[in-house]
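Residue-level listing of the chains:
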Amino acid sequence: MIELDGLTKHYGDKVAVDHLTFTVRPGLVTGFLGPNGAGKSTTMRMMLDLDNPTAGSVRIDGEHYRRLTDPLRSVGALLDAKAVHGGRSAYHHLLCLAQSNGLPRRRVGEVLDTVGLTPVARKRSKGFSLGMGQRLGIAAALLGDPRVLLFDEPVNGLDPEGIHWIRNLMKNLAAQGRTVFVSSHLMSEMALTADHLVVIGRGRLLADTSMAEFIRGNSRSYVRLRSPEAERLRDVLHAERIAATEAADGTLEVDGVPSERLGELAARHGLVLHELSPQQASLEEAFMQLTAESVEYHAHDGEPVGGGPAEPVPPGVAAGPGGWGGDWRKKGS
Ligand SMILES: Nc1ncnc2c1ncn2[C@@H]1O[C@H](COP(=O)(O)OP(=O)(O)OP(=O)(O)O)[C@@H](O)[C@H]1O
């Protein structure tokens, strides 16, 4: 497992990571989420001793990374797929890593096979596409057959088949009892892959919970009702003291009442329903709800913004899709 205790990193005045305390457990895929600049990569670098914490500690299977006798056999990581000598072939890149870490040569062939790079193993990696580079980085992470795996944005640049492959790979690694810690901005993918989530914003821990609990706790679930007899439906709900809000398209939305009860109620009153559908928010909606206050960089949907200082973006508004991805203006805060 990976244990963080008060992990903190300052870069000058900038607090990149702020007293993070959490444990990443084996047997699960743990997703690591946060808006741009939240401190995810810095945290992962400190896990691997590539950056010194300003305060706090991180332990891998009870040991500081520096004290691990065979680091590649304990922890495998993909942090930056471009960190490869471009003049070397995939085979020689991995062979170098294997030889300098006392790993058997046969592992090179095995991991090349696992990631599907065997046909291009002798080609120089500088000619590799983004996706091939990601696969080579994943091969390097798997080389020592480690118990703990860290992946920073592993699906970056992968095609749909590659994304599907890596999803299954992560799940299989976790099912083998390994600790799998993975950051991604692709929420739909994370929703399919991760069992547990750690969410940070501005370096601070915002959530450390199961995927299901995270979505339940940070989003609204409700039942949508549509009837040609909307007026009578409203009256029936009112008589039962069930609060309903009317959406712009004329449908009614009911919170906190199971759809079964609403369906039976409609049937009892002979009401025709054209829709009775439970609505559950997506991971993306829940994520935006939780991190709205922590997003440092806001983009806009193309409307003119003028040349003045940036307006603080209120919670809720910041949670729109424009707050995610195209970072060109820093929030005034
Ligand atoms: N070497 C550095 N020197 C100064 N500031 C840094 C350095 N590395 C990171 N930072 C700052 O620390 C904060 C956290 O950065 P980090 O890259 O860890 O975030 P992140 O969550 O990985 O972001 P992203 O999702 O955009 O990759 C940012 O404000 C970043 O500008």
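Quantities reported herein were computed from a predicted structural model and do not represent experimental measurements.

### Re the overall build of the chain
Scanning the chain from terminus to terminus reveals 11 helices and 15 strands. Evaluated residue by residue, the chain yields a buried proportion of 35% over its 333 residues.

### Quick look at the confidence of the model for the chain
Model confidence for the chain is summarised by a mean pLDDT of 85, while 88% of its residues fall at 70 or above. In the model output, the complex is listed with pTM 0.78 alongside ipTM 0.96.

### What about helix α4 (residues 106-115)?
When we look at burial in α4, the residues that qualify are R107, V108, V111, L112 and V115. For α4, the arc enclosing every buried residue in end-on projection is 135°, short of the 170-degree limit, so these residues lie on one face. Every exposed residue of α4 that faces more than 90 degrees away from the buried side is listed here: R106 and D113. Buried-residue contacts for α4 involve α3 (90-100) and α5 (130-142). Two residues or fewer after α4 comes G116, characterised by a positive phi angle close to 80°.

### Some points on the sheet that holds strand β2 (residues 14-24)
Pairing within the open sheet is antiparallel, and its three strands lie in the order β2-β1-β4. Only two strands of the sheet have a single neighbouring strand rather than two, namely β2 and β4 (55-60). Between one strand axis and the next, the sheet turns through 20° on average, direction left out of account. For strand β1 (residues 2-11) and β2, the ladder comprises seven bridges, and the chain directions are antiparallel. In the sheet register, H10 faces β2, and the bridge partner there is V15. Along the sheet face, helix α1 (residues 40-47) touches β1, β2 and β4 and points at about 120° away from the line of β1.

About the cut-offs
- Residues numbered from 1 in each chain as written.
- Predicted model: local features only at pLDDT ≥ 70, side-chain atom pairs only at ≥ 80, totals over all residues.
- Helix = DSSP H or I, 4+ residues; strand = E, 2+ residues; numbered from the N terminus.
- Buried ≥ 20, exposed ≤ 12 C-beta atoms within 10 Å, placed from the backbone.
- pLDDT = per-residue confidence, 0-100.
- Arc of directions from axis to C-beta.
- Contact = placed C-beta atoms within 7 Å.
- Pairing = 2+ DSSP bridges.
- Axes fitted to C-alpha atoms, helices over the stretch in contact; angles between N-to-C directions.

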